[in-house]
Amino acid sequence: MEMLDLPAHELRDAVAGRRVSAREVAERSLVRIERLDPRLKAFLTLRKDAALRDADALDASIARGEPPGPLAGVPMALKDNLCTRGVRTTCASRILGNFVPTYDATVVEKLRAAGALLVGKTNMDEFAMGSSTENSAFGPTLNPWDVTRVPGGSSGGTTAAVAAGLATAGLGSDTGGSIRQPASLCGVVGLKPTYGRVSRFGLVAFASSLDQIGPITRNVRDAALCLQAIAGPDPRDSTSASVETPDFLRDLEAGAKGLRLGIPKEYFGAGIDPEVASAVEAAIDVLRRAGATTQEVSLPHTDYGIAAYYVVAPAEASSNLARYDGVRYGLRAADTRGLLSMYEETRRQGFGREVSRRIMLGTFALSSGYYDAYYQKALKVRRRIKDDFDAAFGSVDALVCPTSPVPAFKLGEKADDPLQMYLADVFTVCLNMAGLPGISVPCGLAGGKLPIGLQILGRAFDESTVLRVARAYERETDWHSRRPEVAEA
Amino acid sequence: MKVDPALVDHVARLARLGLTPDDRLRYVSELTRILAYVEKLNTLDVAGAEPLVHPFEGRNVFRPDAVQASPPPEDGLANAPDRIEKFFKVPKVIE
């Protein structure tokens, strides 16, 4: 078996036990990237020499007998909205095209401390706004299962890289589904932790009450391992929760027996692809046979999720993105007359279409005369959405449903119709509105070739149960071990 | 909600976002269509609902009032598009 296709935890043990050197792992990862990435375009920036230097330092420290970290020697890809000291961090935007952070995000510091080999920064929808990775100023990433299709988004670069084995694992961010939906479309595991579980310090802000960083991996154990490495309170992020970080591996193999699973009926309604529905129903059967009990539950405000989300998220984005003014960092338009014209021209040139659209939408929703009718209204619906989950979790331990209503769609298929693109998030946004954890795991292949994802949703700070259900399903099936064949460009 | 060019201009000015004539036309139709969808929220009675601004509410976070190291000024200026000595340089603000 190709070394890079090993699960992260096995690769780590091989490096820790000096059966293989970190140097060799890093070299293999970089060679595979060099060979396949011209086709997939998952990476925006590579840390070639730096990753090799890190690998040599790791090998030397293991040789000295120092204890290797939990991700020692694991090649990882980072979404390009995570700040990396000395390495360009663009958010796939022209406005940050030349931005080189002077500090590391907390998650990046933690991955380094865990011994991960950070091989590069990955493509995304600009500022994480999108569901296909087509809204990148640097061009789209392609789905490794079918290069005429999108990998999903906005963390499409990391998911494509992990699916194609360019990296063993990676990090994305999830504001309305941006980890889970691309994981579903690329046939990998994507975990969105509870809001506050992982520090957002150094994550370029999109919508601050919704954003959360999480792992993208090829199996559930690796997702637990990565979450363990990045979780925990952080004095530099006041919204990181002061709760204890449990051992996410402890109950991982506890199985489905005795768990009560809810099936939200609103997640199987109109618009869902029949193959997706039948794959998810089959997956629920697998969990039943493994000992879980199931019951139908209702999340009655699901149908209002997209409408509320596309007020709240753009409103927060319009405020967060006010910082891009051409003064302190990023692009500044040349040849403008006066300060106001410098702001307006910088932002016109620097932001792509979708980002500008959301700034407009959010500014409108927050503006005098419309604030109550749009923003406040959406926040009240957000309350109802959270109440729906609270009620459901009164009688079940986790919810199971599809991640995306459809498998990967064609490049360009929804690119000219923003509303159609927004509707791709129909099964993912409500979880962010409520701040809860969720995971997507592979559960089928539509037409024998396009991945389908099973989504498992949990209570606040109960990632352990989410991971346990996901692992209980994974043990009984082998969808997670299917890999795409990617031809060289 | 009918979005007209004057409203687009007003919002763009609030957002400090420059517009081309094409952008203005595009926003009239796109924002009208998106807001028409968003207005499904009006079919819902949420009169008694408390707005949920943030997933974890009513929590304040303090740190000890102790001096901590801050990043050096050079770090802050490292990405500046234009600067003079230790300052960001911008176009003239007052004519």
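Residues numbered from 1 in each chain as written. Chains lettered and ligands numbered in written order. Predicted model: local features only at pLDDT ≥ 70, side-chain atom pairs only at ≥ 80, totals over all residues. Heavy atoms only, no water.

Draft legend 1. View of the overall build of chain B. Along chain B, the regular secondary structure elements total three helices and two strands. In chain B, the order of α-helices and β-strands from amino to carboxyl end is α-α-α-β-β. Compactness check: chain B gives a C-alpha radius of gyration of 22 Å against a globular reference of 12 Å for 95 residues, more than 25% above the reference. Counting only C-alpha atoms, chain B reaches 55 × 45 × 25 Å along its principal axes. Within chain B, the proportion of its 95 residues that are buried is 32%. Sequence separation of 24 or more characterises 29% of the internal contacts of chain B that already satisfy a separation of 6 or more. Accessible surface computed for chain B: about 6500 Å², of which carbon and sulfur atoms make up 58%. Averaging the positions of the 13 positive and the 15 negative side-chain charges in chain B gives two centres separated by 3 Å. (Helix = DSSP H or I, 4+ residues; strand = E, 2+ residues; numbered from the N terminus. Rg over C-alpha atoms; globule rule 2.2 N^0.38 Å. Buried < 20%, exposed > 50% of the residue type's maximum accessible area, 1.4 Å probe, protein only. Contact = heavy atoms within 4.5 Å. Areas by Shrake-Rupley, 256 points an atom, 1.4 Å probe, with all protein chains shown as cover. Lys, Arg positive; Asp, Glu negative; His and termini not counted. Charge placed at Lys NZ, Arg CZ, Asp CG, Glu CD.)

Draft legend 2. Representation of the interface of chain B and chain A. The partner chain A presents 67 residues to the 57 residues of chain B that form the contact. Here chain B and chain A share an interface that buries about 5500 Å² over both sides, 66% of which is from carbon and sulfur atoms. It is L41(B), L52(B) and N79(B) that lose the most area in chain B upon contact with chain A, and together they represent 12% of the buried surface on that side. Joining chain B to chain A, the criterion identifies four salt bridges. E344(A) is the salt-bridge partner of R13(B), the closest N and O atoms lying 2.9 Å from each other. Inspection of the region where chain B meets chain A yields 17 residue pairs in polar contact (both at pLDDT 80 or more). Going through the elements one at a time, helix 1 (5-14), helix 2 (21-38) and helix 3 (73-77) of chain B are the ones with two or more residues in the side of chain B that touches chain A. Taken together, the residues of the side of chain B that touches chain A sort by class into 33 nonpolar, eight polar and 16 charged. (Buried area = accessible area lost by both parts, 1.4 Å probe. Salt bridge = Lys/Arg side-chain N within 4 Å of Asp/Glu carboxyl O. Polar contact = N/O pair within 3.5 Å; in protein donor to acceptor, adjacent residues only side chain to side chain. Nonpolar A, V, L, I, M, F, W, Y, C, P; charged D, E, K, R; others polar.)

Draft legend 3. Highlighting a nonpolar patch on the surface. Residues and elements named next belong to chain B. Taken together, the side chains of V90, V93 and I94 define a hydrophobic patch exposed on the protein surface, amounting to about 290 Å² of accessible area. Along the chain, the position of V93 falls in the segment after strand 2 (87-88). Owing to a relative accessible area of 57%, V93 belongs among the exposed residues under this scheme. (Patch = residues over 30% accessible without salt bridge, like charges linked within 9 Å, V, L, I, M, F, W, Y side chains within 5 Å.)

Draft legend 4. Fine view of the state of the cysteines. Residues and elements named next belong to chain A. Under the criterion given, the structure shown has zero disulfides over all chains. With no disulfide of its own, C83 has C91 as its nearest cysteine by sulfur position, at a separation of 7.6 Å. Overall, C83 belongs to the buried group, its relative accessible area being 2%. (Disulfide = S-S within 2.5 Å.)

Draft legend 5. Structural detail: the packing of aromatic side chains. This model, assessed by the stated rule, comprises 16 aromatic pairs over all chains. One aromatic cluster is present, built from ring pairs that chain together F99(A), F127(A), Y324(A), Y329(A) and F351(A). For the cation-ring pair, K414(A) lies above F409(A), with the distance from its terminal atom to the ring centre recorded as 4.8 Å. Just above the ring of Y27(B) sits the side chain of R26(B); from NZ or CZ to the centre is 5.2 Å. (Phe/Tyr/Trp six-rings, centres within 6.5 Å; stacked < 30°, edge-to-face > 60°. Lys NZ or Arg CZ within 6 Å of the ring centre and 35° of its normal.)

Draft legend 6. The arrangement of the packing of helix 8 (residues 274-289) of chain A against helix 15 (residues 463-476) of chain A in detail. Residues and elements named next belong to chain A. Direction vectors running N to C along helix 8 and helix 15 enclose 95°, while the axes themselves pass 9 Å from each other. By the criterion of interaxial angle, the relationship of helix 8 to helix 15 is roughly perpendicular. Contacts between helix 8 and helix 15 pair A283, V286 and L287 from the former with V469, A472, Y473 and E476 from the latter. Here the contact of helix 8 with helix 15 is built from residues that sort into six nonpolar, no polar and one charged. (Axes fitted to C-alpha atoms, helices over the stretch in contact; angles between N-to-C directions. Parallel < 35°, antiparallel > 145°, perpendicular 65-115°, else oblique.)

Draft legend 7. Expanded view of the domain arrangement of chain A. All names here are of chain A. According to the domain assignment, chain A contains domain 1 (7-259) and domain 2 (303-379). A straight line from the C-alpha centre of domain 1 to that of domain 2 covers 28 Å. Counting residues at the interface gives 20 residues for domain 1, matched by 21 residues for domain 2. When the two sides are added together, the surface that domain 1 and domain 2 hide from each other amounts to roughly 1700 Å², 60% of it contributed by carbon and sulfur. Our count for the domain 1 to domain 2 interface comes out at zero salt bridges. Where domain 1 meets domain 2, there are 11 residue pairs in polar contact (both at pLDDT 80 or more). Here the residues of the side of domain 1 that touches domain 2 sort into 10 nonpolar, eight polar and two charged. (Domains from an automatic or database assignment.)

Draft legend 8. Focus on the nonpolar core. Residues and elements named next belong to chain A. Ranked by internal contacts, the top residues of the largest apolar core, which has 141 residues, are L71, M76, F127, F389, L454 and I456. With 10 residues, helix 9 (residues 305-320) is the largest single contributor of residues to this core. Inspection of this core shows a minimum of three residues originating in each of domain 1 (7-259) and domain 2 (303-379). In this structure, A14, A42, F43 and L166 belong to the second largest nonpolar core, which totals 31 residues. (Core = buried A, V, L, I, M, F, W, Y, C linked by side-chain atoms within 4.5 Å.)

Draft legend 9. A look at helix 3 (residues 48-63) of chain A. Residue and element names in this part refer to chain A. Helix length check: helix 3, at 16 residues, gives a terminal C-alpha distance of 23 Å against a target of 22 Å (1.5 Å per residue), a fit within 8%. Those residues of helix 3 lying buried are A50, A51, L52, A55, L58, S61 and I62. Those residues of helix 3 that are buried are in contact with helix 1 (8-16), helix 2 (22-40) and strand 3 (117-122). One or two residues past the end of helix 3 sits G65, with phi positive at roughly 90°. (Expected span 1.5 Å × (residues − 1).)

Draft legend 10. Local environment of the pairing of strand 5 (residues 189-192) of chain A. All names here are of chain A. What you see with strand 5 is no split at all: V189 and L191 on one side and G190 and K192 on the other are buried throughout. Here strand 5 pairs with strand 6 (residues 213-217) via two bridges, running antiparallel. Along strand 6, the bridge assignment pairs G190 with I216. Where strand 5 lies against strand 10 (residues 438-446), three bridges are found, and the strand directions are antiparallel. For K192, the partnering residue across the bridge sits in strand 10 and is G438. (Pairing = 2+ DSSP bridges.)

Draft legend 11. Structural detail: the sheet that holds strand 2 (residues 75-79) of chain A. Residue and element names in this part refer to chain A. In spatial order, the strands read 1-3-2-4-6-5-10-11-9-7-8; together these 11 strands make up an open sheet with mixed pairing. Of all the strands in the sheet, the pair left with one neighbour each is strand 1 (43-46) and strand 8 (293-297). Taken pair by pair, the neighbouring strands of this sheet meet at an average axis angle of 30°, ignoring direction. Note: strand 7 (residues 260-264) against strand 8, five bridges, orientation parallel. The residue of strand 8 that forms the bridge with I263 is E296. Helix-sheet contacts for helix 3 involve strand 1 and strand 3, and the interaxial angle to strand 3 is about 160°.

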